[in-house]
Amino acid sequence: MIGSRDSALTAPLAARRRIAGISARHHAELFQELADLLEAGCQLSRALAVLQRQVQSGPLRRLVDELQGDIMDGASLADAMALGGGRFSPVQVAMVRASETGGFLQRTLRAMADHSQQQLEVFRQVRASLTYPAVLTVTAVGSVVFLLSYVVPQFSAIYRSAGANLPGATQLLLGAGRFFQDSWWVLLAGLVGVVVLWRLMMRSEEVRARLDAAALRLPVVGPMLHAWAISQFARMMALLLEGGLPALRSLTLSGQALGNRALRAETVRLAASVEQGESLGAQMRTSRLFGVALAELIGVAEETGRLPGVMDRLAQQHARRFQHRLTALMSLIEPAVILAVGLLIGLIVAALLLPVLLMNTLIG
C-alpha cells in the first residue's frame with residue numbers, strides 16, 4: 001500500500017484501472033522509452049511527462065497518464081504499477097521494486113523491455129506462420145460446404161433418376177449432402193454447443209491444469225512448449241536474482257509468470273521445499289518436468305554462487321531450442337494442411353464420379 005495516499009483516492013483509482021489491459025507491445029514500448037529517458041538523466045516524473053507527449057496509442061496513453069498521476073502523488077513506480085488493475089504482472093512489479101531499492105532501475109526496465117519484445121516477436125512469428133495454413137483451412141471448409149450444399153444434391157438427383165445401385169462411398173457422400181442440406185442447423189447448434197462447453201471447461205482450473213500437463217506430453221508440440229516455458233522461467237529467475245531478490249522469492253514469482261499450469265504447480269512444490277531449507281537443485285532432480293540435466297546444472301550453480309548467470313544461459317539455450325523446434329513445426333504445418341485439403345476434396349470428387357467410372361455396372 002502507498003502510505004502517502006488516502007483511501008478515498010485509492011478506491012477510485014482501483015475502479016478506474018479495471019478498464020482495459022495493454023499488450024506485450026505496449027509493455028515493451030513503455031519500458032524501453034522509460035529506460036532511454038532515465039539513462040539520459042531525466043527524473044522519473046519528467047520521463048513520464050515526456051512520454052505523455054510522445055505516446056499516441058489510446059490504452060498506453062491512459063496508462064502513462066495514470067502512472068504520472070501516481071508518481072506526482074508521491075508513489076514509487078512499483079507502487080503505481082501495482083495499482084495498474086492487473087496490467088502489470090507481480091513479477092514486473094517485484095523487479096521494479098527491487099531495482100528502485102538497489103538503484104539500477106534503468107537496467108531492469110531495459111531487461112523487461114527486451115523480455116517483452118522477445119515474447120512479442122515469438123507471437124508475431126507464430127501468427128505469420130499460421131496465416132497461410134489458416135487461409136487454406138478456411139478455403140477448404142468453404143469448398144466442402146459448397147460441394148455438399150450445391151454440387152452433391154445435383155448429382156444426387158441425377159443418380160436417383162437413373163435408378164441404379166450406387167457404390168457405398170457415393171451413397172455415404174450423398175447421405176451427408178442430404179443431411180447437410182436439410183439439417184444444417186443441427187451442425188450449427190452442435191458447433192455452438194462445443195464452443196460453449198469448451199468455454200465452461202476452461203473456467204475450471206483443474207481442467208486447464210490437466211490440459212496443460214497433457215500438452216507437455218504431445219509428441220511434437222510438447223517438447224516445444226516445454227522449451228518455451230523453461231526459457232521464460234529461467235529468464236525471470238535470472239532477472240529477479242540479478243535484481244537482488246532472494247532465491248525463494250524469485251522462484252515463487254517466476255513460477256507465477258509461467259503460463260503452463262503443470263509447471264506452475266511444480267514450482268509451487270519446489271518453493272515449499274526450498275522454504276523448508278532444501279536445495280533447489282536437489283528438489284529439481286525429483287521432478288519429471290524440469291529434467292535431470294537442468295537440475296544438475298542448477299545444483300552446481302547454487303553451490304558456486306553463480307545461479308543468476310547460469311539461469312540466463314539456460315534461458316538463452318532453451319529459447320534457441322524453442323526457436324528451432326518452432327521453425328521445424330511451422331515448416332511442416334503448411335504442406336500437411338495442403339495435403340489434407342487436397343485429400344479431402346479429392347475424396348469427395350472421387351466419390352461423386354465413381355458411378356460414372358463404373359458406368360458398366362450402372363447400365364447393368
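Reading the values: the criteria
- Residues numbered from 1 in each chain as written.
- Predicted model: local features only at pLDDT ≥ 70, side-chain atom pairs only at ≥ 80, totals over all residues.
- Heavy atoms only, no water.
- Phe/Tyr/Trp six-rings, centres within 6.5 Å; stacked < 30°, edge-to-face > 60°.
- Helix = DSSP H or I, 4+ residues; strand = E, 2+ residues; numbered from the N terminus.
- Buried < 20%, exposed > 50% of the residue type's maximum accessible area, 1.4 Å probe, protein only.
- Expected span 1.5 Å × (residues − 1).
- Contact = heavy atoms within 4.5 Å.
- Polar contact = N/O pair within 3.5 Å; in protein donor to acceptor, adjacent residues only side chain to side chain.
- Core = buried A, V, L, I, M, F, W, Y, C linked by side-chain atoms within 4.5 Å.
- Salt bridge = Lys/Arg side-chain N within 4 Å of Asp/Glu carboxyl O.

Participant: Would you mind going over the packing of aromatic side chains with me for this structure?
Facilitator: The way to describe two aromatic rings as a pair is by their centre distance and the angle between their planes. Summed over all chains, the structure comprises five aromatic pairs. With 6.2 Å between their ring centres and 40° between their planes, Phe 31 and Phe 88 make a pair best called tilted. Note that Phe 31 is positioned in helix α2 (residues 24-39) and Phe 88 in the loop between α5 (77-82) and α6 (90-102), a separation of 57 residues in sequence. As far as the burial class goes, Phe 31 and Phe 88 line up, both buried. With centroids separated by 5.4 Å and ring planes inclined at 55°, the aromatic side chains of Phe 233 and Phe 290 adopt a geometry described as tilted. Note that Phe 233 is positioned in helix α11 (residues 221-242) and Phe 290 in the loop between α14 (280-284) and α15 (292-304), a separation of 57 residues in sequence. The class of Phe 233 is buried, set by a relative accessible area of 2%. Looking at Phe 290, the relative accessible area reads 4%, which means it is buried.

Participant: What exactly am I supposed to notice about helix α13 (residues 261-275) here?
Facilitator: Because an α-helix completes one turn every 3.6 residues, residues spaced three or four positions apart along the sequence face the same direction. Under the 1.5 Å per step criterion, the end-to-end length of α13 is 21 Å for 15 residues, consistent within 8% with the ideal 21 Å. In this structure, the buried residues of α13 make contact with α10 (205-216), α11, α12 (247-256) and α14. Its side-chain oxygen 3.0 Å from the backbone nitrogen of Ala 262, Asn 260 forms the N-cap of α13. Looking one or two places after α13, you find Gly 277, whose phi comes out positive at around 100°.

Participant: What is the right way to look at the nonpolar core in this model?
Facilitator: Burial of nonpolar side chains together is a common tendency in soluble globular proteins. Formed by 39 residues in total, the largest nonpolar core has its most connected members in Leu 30 and Met 81. Taken together, the elements giving at least two residues each to this core come down to α2, α3 (44-54), α4 (58-72), α5, α6, α7 (105-162) and α11. Excluding anything up to four places from it in sequence, Leu 30 contacts Leu 51, Leu 60, Leu 63, Val 64, Leu 67 and Phe 88. Within the second largest apolar cluster, 26 residues are counted, among which are Ala 234, Leu 258, Leu 294 and Ile 298.

Participant: Got a minute to help me understand the pattern of salt bridges in this structure?
Facilitator: Should their charged atoms come close, side chains of opposite charge can pair. The tally for this structure, following the rule as stated, stands at 11 salt bridges. For Arg 97, the salt bridge is made with Asp 79, and the minimal N-O distance between the two is 2.9 Å. Residue Arg 97 is located in helix α6, and its partner Asp 79 is located in helix α5; the two are separated by 18 residues in the primary sequence. Residue Arg 285 pairs with Glu 296 through a salt bridge whose shortest N-O separation is 2.9 Å. With Arg 285 in the loop between α14 and α15 and Glu 296 in helix α15, the pair connects residues that are 11 residues apart, well separated along the chain. Taking the relative accessible area as the measure of exposure, Arg 285 reaches 36% and is therefore partly exposed. Relative accessible area serves as the criterion here: at 35%, Glu 296 is assigned to the partly exposed category. Here the salt bridges share partners, and the residues they tie into one network are Asp 36, Glu 39 and Arg 110.

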